[in-house]
Amino acid sequence: MKSLWDCHRSLLRGFYHYGYFLASHPAWFLTIPIGLCLLSAVGFMNYNPETDIETLYAPTDSRAVKDRDTVVKTFPDLFATNYHPFSANKLMAQGIAIFRSKAKRAILTPEVLHELETFRNNVLSLTVQVDGQNRTFEDVCVRSQTFGGTDCVVDGDFLFDRFFNESMSRGEVNYPFWFSVGGGIDLNLFISDVVMSDNEEYLKAAGAVKMAFPLRQDTKEVEKMSLAWELEFADLMKNANFSTVDYAYAISQSLSLELDRGTKGDIFYFSLTFTLMITYASVVSAGGDCVSTRALLANAGVVAAAVGIMGAFGLVTLTGVRFVNMVGIMPFLTLGIGVDDMFLLMGTWSEITAIKDISIEERIGLVFKKAGVGITITSLTDFLAFVVGSLSVFKSVKNFCIYTGVGVLLCYVCNATFFAACLTYHGRRVYSGRHTITCKKVGKSRAELSREGHCCCHVCLFGGAVPSGPNDDQSLCEKAPKYFLTNFILYKPVRFVILLLFAGYLGVSFWGCTKLKQGLDLKNLVLESSYFHKYQVWDTENFGVKVPIAFVTTSEKDYTNISTIMNVYELLTKSKDDPYIDKTVDNCWLTSFYKTSYYNSTDDDAFFDGLKTFLALRPSFQNDLVFGADNRSIIASRCHAYSIKVVDSNDQANLMTRMRDLADASPADVFAYHPAFVYFEQYLSILSGTLQTVGVTLAVMFVVTCIFIPQPMIVVIVMVQVVMIVTGIFGFMAHWGLTLSSVTMIHLIMSVGFSVDFCAHVCTAYIVSEKQSREDRAKDAIVHASGPIFNGGLSSIIGVVVLLFTESYIFQSFFKIMVLVIGFGVLHAVFLIPVVLSFIGPATYVDLEEDSATPHFASKTSGGSKQKNGDASLTKISSINAATLTNERPLSDHDLQLGYLPREKSR
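The sections below set out a description of the structure shown in this document. (Residues numbered from 1 in each chain as written. Predicted model: local features only at pLDDT ≥ 70, side-chain atom pairs only at ≥ 80, totals over all residues. Heavy atoms only, no water.)

Another aspect to go through is the overall build of the protein. Across its full length, the protein carries 30 helices and 15 strands. Within the span of the protein, comprising 907 residues, buried residues form 57% of the whole. Of all intrachain contacts in the protein linking residues separated by at least 6 positions in sequence, the fraction that spans at least 24 positions is 78%. Here the protein displays about 36700 Å² of accessible surface, and carbon together with sulfur accounts for 59% of that area. Taken together, the 75 basic and 86 acidic charged side chains of the protein have centroids lying 10 Å from each other. (Helix = DSSP H or I, 4+ residues; strand = E, 2+ residues; numbered from the N terminus. Buried < 20%, exposed > 50% of the residue type's maximum accessible area, 1.4 Å probe, protein only. Contact = heavy atoms within 4.5 Å. Areas by Shrake-Rupley, 256 points an atom, 1.4 Å probe, with all protein chains shown as cover. Lys, Arg positive; Asp, Glu negative; His and termini not counted. Charge placed at Lys NZ, Arg CZ, Asp CG, Glu CD.)

Right, let's get into the packing of helix α27 (residues 774–801) against helix α28 (residues 809–840). Two elements in contact, α27 and α28, have axes whose closest approach is 9 Å; the angle formed by their N-to-C orientations is 175°. Our classification of the angle between α27 and α28 gives roughly antiparallel. A per-class count over the contact of α27 with α28 returns 19 nonpolar, 3 polar and 2 charged. (Axes fitted to C-alpha atoms, helices over the stretch in contact; angles between N-to-C directions. Parallel < 35°, antiparallel > 145°, perpendicular 65-115°, else oblique. Nonpolar A, V, L, I, M, F, W, Y, C, P; charged D, E, K, R; others polar.)

On to unusual backbone geometry, then. Phi is mostly negative for residues that are not glycine, and the peptide bonds are mostly trans. At the junction of Tyr175 and Pro176, the peptide bond is cis and its omega measures out at 15° in the coordinates. Tracing the backbone shows Pro176 in the loop between α7 (162–170) and β4 (177–180). Even without a glycine there, the phi angle at Asp193 is positive, about 55°. Tracing the chain through its elements places Asp193 in strand β6 (residues 191–196). Residue classification places Asp193 among the partly exposed residues on the basis of a relative accessible area of 33%. In this structure, Asn631 is a non-glycine residue whose phi angle is positive, near 60°. Within the secondary structure, Asn631 sits in the loop between β11 (625–627) and β12 (634–643). We classify Asn631 as partly exposed; its relative accessible area is 46%.

Time to look at the sheet that holds strand β7 (residues 203–215). Taken together, 4 strands build an open sheet; the order of strands is β6-β7-β1-β8 and the sheet is antiparallel. Looking at which strands have only one partner, the edges of the open sheet turn out to be β6 and β8 (245–251). Recorded for the sheet is a direction-independent mean angle of 20° between the axes of neighbouring strands. Two strands pair when backbone bridges link them, and strand β1 (residues 93–101) and β8 are joined in this way by 7 bridges, in the antiparallel orientation. In the sheet register, Arg100 faces β8, and the bridge partner there is Asp246. Helix-sheet contacts for helix α19 (residues 531–542) involve β1, β6, β7 and β8, and the interaxial angle to β8 is about 110°. (Pairing = 2+ DSSP bridges.)

Right, let's get into the side chain of Thr244. Note that Thr244 resides in the loop between α8 (220–238) and β8. Side chain to side chain, Thr244 and Glu115 meet in a polar contact 2.4 Å long. (Polar contact = N/O pair within 3.5 Å; in protein donor to acceptor, adjacent residues only side chain to side chain.)

Following the criterion strictly, the structure yields 24 salt bridges and no others. For Arg143, the salt bridge goes to Glu138, with nearest N and O atoms at 2.8 Å. Residue classification places Arg143 among the buried positions, given a relative accessible area of 13%. Relative accessible area serves as the criterion here: at 45%, Glu138 is assigned to the partly exposed category. The partner of Glu775 in a salt bridge is Arg495, and the shortest N-O contact between them spans 3.0 Å. You can see Glu775 sitting in helix α27 and its partner Arg495 sitting in helix α18 (residues 492–515), a full 280 residues away along the chain. Judged by relative accessible area, which is 32%, Glu775 ranks as partly exposed. Through salt bridges that share partners, Arg63, Asp67 and Asp664 make up one connected network. (Salt bridge = Lys/Arg side-chain N within 4 Å of Asp/Glu carboxyl O.)

Think of an α-helix as turning once every 3.6 residues; residues three or four places apart then point the same way. With 28 residues, α27 extends 38 Å between its outermost C-alpha atoms, agreeing within 8% with the 40 Å of an ideal straight helix rising 1.5 Å per residue. Along α27, the sharpest change in direction is near 45° and occurs at Ala785; proline Pro788 comes one to four residues later. (Expected span 1.5 Å × (residues − 1). Bend = angle between axes of the 7 residues up to and from the residue.)

In this model helix α20 (residues 562–575) runs 20 Å from its N-terminal to its C-terminal C-alpha over 14 residues, within 8% of the 20 Å that 1.5 Å per residue would give. Along α20, the positions that sit buried rather than exposed are Thr564, Ile565, Val568, Leu571, Leu572 and Ser575. Viewed end-on, α20 has its buried residues packed into an arc of 125°, placing them on one side of the element. Packed against the buried residues of α20 are β9 (548–553), β10 (581–588), α21 (589–594), β12 and α23 (649–665). (Arc of directions from axis to C-beta.)

To continue, consider the state of the cysteines. Here the structure, examined in full by the defined rule, presents 2 disulfides. Across a sulfur-sulfur distance of 1.9 Å, Cys141 and Cys152 are joined as a disulfide pair. For the disulfide bridge between Cys141 and Cys152, the dihedral angle about the S-S bond is near -60°, and by the sign convention the bridge is left-handed. Placement of Cys141 in the loop between α6 (137–140) and α7 and of Cys152 in the loop between α6 and α7 is noted, with a sequence separation of 11 residues between them. In this pair, the class of Cys141 matches that of Cys152, namely buried. Look at the protein and number its bonded cysteines as they come in the sequence; the links are 1-2, 3-4. Looking at Cys37, it has no disulfide partner, and the nearest cysteine sulfur is the one in Cys414, 4.1 Å off. Classification of Cys37 by relative accessible area gives buried; the value is 8%. The cysteine Cys460 is free of any disulfide, with Cys456 supplying the nearest cysteine sulfur at 4.1 Å. According to the relative accessible area criterion, Cys460 is partly exposed, its value standing at 37%. (Disulfide = S-S within 2.5 Å.)

We now examine the pairing of β9. Most of β9 sits inside the fold, with 6 of its 6 residues counted as buried. Both faces of β9 are covered, namely the face carrying Pro548, Ala550 and Val552 and the face carrying Ile549, Phe551 and Thr553. Across 6 bridges, the pairing between β9 and β12 is antiparallel. Its bridge partner being in β12, Pro548 is matched across the sheet by Tyr642.

Attention shifts here to the packing of aromatic side chains. For the structure on display, the rule yields 47 aromatic pairs. On the basis of an interplanar angle of 85° and a centroid distance of 6.0 Å, the ring pair of Phe21 and Phe29 is categorised as edge-to-face. Residue classification places Phe21 among the partly exposed residues on the basis of a relative accessible area of 46%. The exposure class assigned to Phe29 is buried, which follows from its relative accessible area of 15%. Ring centres of Phe158 and Trp178 lie 6.3 Å apart, and the angle between their planes is 40°; on these two criteria the pair is classed as tilted. Taken as a pair, Phe158 in the loop between α6 and α7 and Trp178 in strand β4 lie far apart in primary sequence, 20 residues in all. In this structure, Phe158 and Trp178 share a single accessibility class: buried. A connected cluster of aromatic rings, assembled from ring pairs, spans Phe99, Phe119, Phe137, Phe213, Trp229, Phe233, Phe242, Tyr247, Tyr249 and Tyr531. Sitting over the ring of Tyr766, Arg777 keeps its end group 4.6 Å from the ring centre. (Phe/Tyr/Trp six-rings, centres within 6.5 Å; stacked < 30°, edge-to-face > 60°. Lys NZ or Arg CZ within 6 Å of the ring centre and 35° of its normal.)

The next point concerns the nonpolar core. Side chains that are nonpolar tend, in soluble globular proteins, to be buried together. Counting 217 residues, the largest nonpolar core has Tyr57, Phe99, Phe119, Ile191, Trp229 and Phe400 as the members making the most contacts within it. Examining the composition of this core, we find that 20 residues originate from one element, α28, more than from any other. Excluding residues that lie within four positions of it along the chain, Tyr57 makes contacts with Leu259, Asn325, Met326, Phe394, Ser396, Leu520, Leu525, Gln682, Ser742, Val743 and Ile810. Listed in part, the 42 residues of the second largest apolar core include Trp589, Ile634, Ala653 and Phe677. (Core = buried A, V, L, I, M, F, W, Y, C linked by side-chain atoms within 4.5 Å.)

In regular strands, side chains alternate between the two faces of the sheet. Going residue by residue along strand β2 (residues 127–130), you find Val128 and Val130 tucked away on one face and Thr127 and Gln129 left uncovered on the opposite face. Alignment of β2 against strand β3 (residues 133–136), held across 4 bridges, turns out to be antiparallel. Bridge assignment links Gln129 to a residue of β3, and that residue is Asn134. Connecting β2 to the next strand, β3, in antiparallel fashion are 2 residues, including Asp131 with a positive phi near 55°.

Treat this as a map of the structure, not an account of what it does.
As structure tokens, this is what we get:
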């Protein structure tokens, strides 16, 4: 432990020397960071946003992705002539429309159906130009052998079939399964908000219908045409006008196309945030007079953060890391972090104004000696949290953490260089007694001008003097927290009330954790004004998700063996025991074939001849079989179970898991698959991924805390508080209507770093305090840490408050969690930690000024040794301090703030 504190003291001396060197050459530190960040802006030429939804929000290299690759590689796409929705190898390209009748449940009336049929015909006649050629729906549509393989398939087209309409007029349409000339149809997929007959068997009326225009994707050329046709369909729907129905629509590209609309207001909102931050920083730093005020200096701190943000965007983009829409949050977050560091540096500058007769270089050295560790631990913990987050399996989380981690790092660099150089120039102006605006010498102080009878305005504008202590240049915003809190928090009854309140907070948090849901609703990725958001809401309300789950085998089997058939039959039977599997439907070529007279297992020739005849009668099953080269073996096949309507994302994920477990345990040697499983995977990965990432982040924060605050009890207190804060964020997410998803996962990672920042500031102030009792040392911690914590927290809130007024779910959820993070962090740091320390804080204090081999307050040089400027300055300051403190007076607050304390010892 002793060696760790010695290393800490060496680090402080290193910060001092850095500050001294910087103040000796401020011009270089002012211009070089700006130049480098501007140079990195060339990276914007490499700007290439990622908008593919699967890439961003589905776990990379998941089981579903691997299964899809196997299915696509094994089963040929026959939808050009033999479409069946159960047999899709991947999610379909298509245009979809949902219609709701304006009159109550009148969607199946002749008037409405006539208007919808006209719409259908208009869609079929759409023409799009691709590579200089006109393409129509006929060129890209899927076809079904049920109708001879010549007519394009339109899902829901049966609504205009004469047989269906005649059956409706007679009240003979069974619901939900209706059998037409072309086979059975699940009306749940196309008709909703229904009125049933008295015996609940026949359909009488409905309020909504759904139509889809599925498109081919069997070749790259056809897929290109299909995507172009989709866009033409979207334009048609955008300008459509119906007299009898309202409508919502979507295409397979909708989410990708609409994703960036939610962040296009970034520049406006960031400009507004930048203005608010400059205003706030100026107000907080507006104490003092026309000489000592730091209002203009605060603006330089905001600019430093903005320059770091710009540099991060350019640098990361230059390296080829693609921009994702969630990175739009990064400037708001990073600006707040950068301004926090600025407040810490400016607060330290105010504290050392009590020291007289030292140069500006020595003052800047002292600023970094006192605040360097603070801004380093703040930025380092946040940076490391994002480093851990960059290991996420979600591409959106990974890229966001890379951008934000680099942003935090560059903001730290800009504060330690650009802003520190501005602080140097500020110091030169102040200690030469010059006006903050005109830079002319100020002859008289405010008191002198007031005694001469000048008006208040003249006194405020032209009166000033070199500050002699912290109160001379600090504003009410900086003074108020420490004066109020020290007289309130540590009053004994209040301490017990605080403990009880936080116990209640923990209870409410644990309760919230039990209610926290998982999953990301796709509609939340786009603006509420988006047509895709409307479609998702309507689709969920009226139709939901019904999934045909394929049990796929890719190994050759002997289907003449009855045990092979029984394995498949038992698998399908067991699947129907699941509450979310429809017990009346299955779709399996093998069990269907086995029930016919065409099945003959006497030899291979008889079997395959019978199968050929069967497939000619049931052509849709051709999609589910892959024959060997000799057509006398089956090298892959699949059968399907069919789910009921599943709306909740957790239910979708659990259904996928149960079907996988069932398939894995079956002797049929199959795996369960549906194209949507790629997206269902996120619901399985998000909880384990979040807990793992937060756990690793906590472990990293533990190591960092041990390095910078090597006091066991303090480390334990800090980590317990961090866990309490993170638990509160998890719990109150549920109370605020947020779910655990790849979006909120980012915020939880971030919260760990922020929590350490708040707690570490208070604990560090406690451990270096020289006061004689735990209560007094806790009060000392409040005095030194409360102001920067409150102002830093408030600046972070200001940095994101404008996001509350956006339509974007991503931005709004970020604002909500930032409020939780900052709110709980500040409350724990300023209220709970001082109370805990007042009861069980360590009974030792640490001298960060002297090392164990040097007598207290002695010069750090020996007789005739030659010293560098930095070492000479330290000696000079120590001598000043010794001369001041040896006059039999107790250490002042200013002395304590500078770290002139006895060596570590027990009380």
